[in-house]
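The chain contents come next:
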Amino acid sequence: MPDSVVFDPTPGTAAAAGSCWVDEIHQGVRYGLEAEVLVERSSAFQRITVIDSRTYGKALLLDGCWMTAERQERHYHEPLVHPALCAAERIERVLVIGGGDGGTARECLRHPGVVQLDMVEIDGEVVDLCQQHLPSLGGGAWSDPRFRLTIGDGIAWVAAAAAASYDVVIVDGSDPAGPAEGLFNRAFFEHCRRLLRPGGVFATQSESPEVFRAVHVATVRLLREVFGHADPLYGWVPMYPSGWWSWTFAATDGPRYRQALPERAASVADGCAIWSPRWQAGAFEAVPAAIERELQA
Ligand code: SPD
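Residues numbered from 1 in each chain as written. Predicted model: local features only at pLDDT ≥ 70, side-chain atom pairs only at ≥ 80, totals over all residues. Heavy atoms only, no water.

Caption draft 1: Main features of the packing of helix α6 (residues 186-195) against helix α7 (residues 213-227). Orientation of α6 relative to α7, taken along the N-to-C sense of each, is 45°, at an axis distance of 10 Å. In this view, α6 runs oblique relative to α7, as classed from their interaxial angle. Considering how the two elements wind past one another, α6 and α7 form a crossing that is right-handed. Touching R186, F189, E190 and R193 of α6 are T219, L222, L223, E225, V226 and F227, all from α7. Across the contact of α6 with α7, the residue classes break down as 5 nonpolar, 1 polar and 4 charged. (Axes fitted to C-alpha atoms, helices over the stretch in contact; angles between N-to-C directions. Helix = DSSP H or I, 4+ residues; strand = E, 2+ residues; numbered from the N terminus. Parallel < 35°, antiparallel > 145°, perpendicular 65-115°, else oblique. Left-handed = near helix turned anticlockwise from the far one by under 90°. Contact = heavy atoms within 4.5 Å. Nonpolar A, V, L, I, M, F, W, Y, C, P; charged D, E, K, R; others polar.)

Pasting the structure below:
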């Protein structure tokens, strides 16, 4: 064991030969990775970019915004999935809207109590490219007999689905522009609530409290109106703008998602890199003071 820590302060500069800087840019700030671009194409819905980055492995951008990367994705998928799956009254039937890279489905299917997982992703090209270039994201989910993939419109799916037909509804969309815009409004959230059985839990990614603060606060407020309560959970996805991220949870019968059921938690915790019941407890408490005031106003 060395007697002192070693820190290399050499700043990075130009990208290495064959690589370039790939950035998501917001309001005068760039969030970038050094990478080689593998795929750049437009689907019927959006521009899809797949890169091989020096630090985080293969990664996906949609319309120029970071979605996921092989060595970052657990920071995002574990906090989205496990507070919901460890708390719902039952978890037999799970619905995932979006989630085309497969990471959310993979984490859900680690719970042995899940009998059927419906995933509705609007862009089949995202699924194909992730299966081809980022296969570890979905892992065994793509061939799991409990998994049913529909390429279609998640908004239409929730509007058409029968009331009380799911135990957990998870929204893993991109930012509220383009194809994901309709995943952040009252009508959509009301349908999600309608689909839940008693004791059911809803979860959605709810953007950065720093870079997308207005969207974040509006999402939590709207969910509180629709469900009567909702709570944001704060964590980090270092590749996303500011690195600071949030997920918001609601349930049919009160904030049951704040407390992980010990047996469910025990069945997944050892395989997690970020989530644990202790991490979750702190993350629900870590509401920035100014946002807490804003949410109470
Ligand atoms: N700005 C990034 C928002 C991304 C939300 N979804 C990411 C997809 C990962 N499954």
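Caption draft 2: Representation of unusual backbone geometry. At Q27, a position not held by glycine, the phi torsion is positive, near 45°. Here Q27 is to be found in the loop between β1 (20-26) and β2 (29-42). Its identity is not glycine, yet E207 carries a phi of approximately 70°, on the positive side. You can call E207 buried: its relative accessible area is 1%. (Buried < 20%, exposed > 50% of the residue type's maximum accessible area, 1.4 Å probe, protein only.)

Caption draft 3: Representation of the pairing of β1. Direction of pairing for β1 relative to β2: antiparallel, over a ladder of 7 bridges. Paired with V22 across the bridge in β2 is L33. If you look at the hairpin formed by β1 and β2, you'll find 2 residues sitting between the two strands, and Q27 has a positive phi there, around 45°. (Pairing = 2+ DSSP bridges.)

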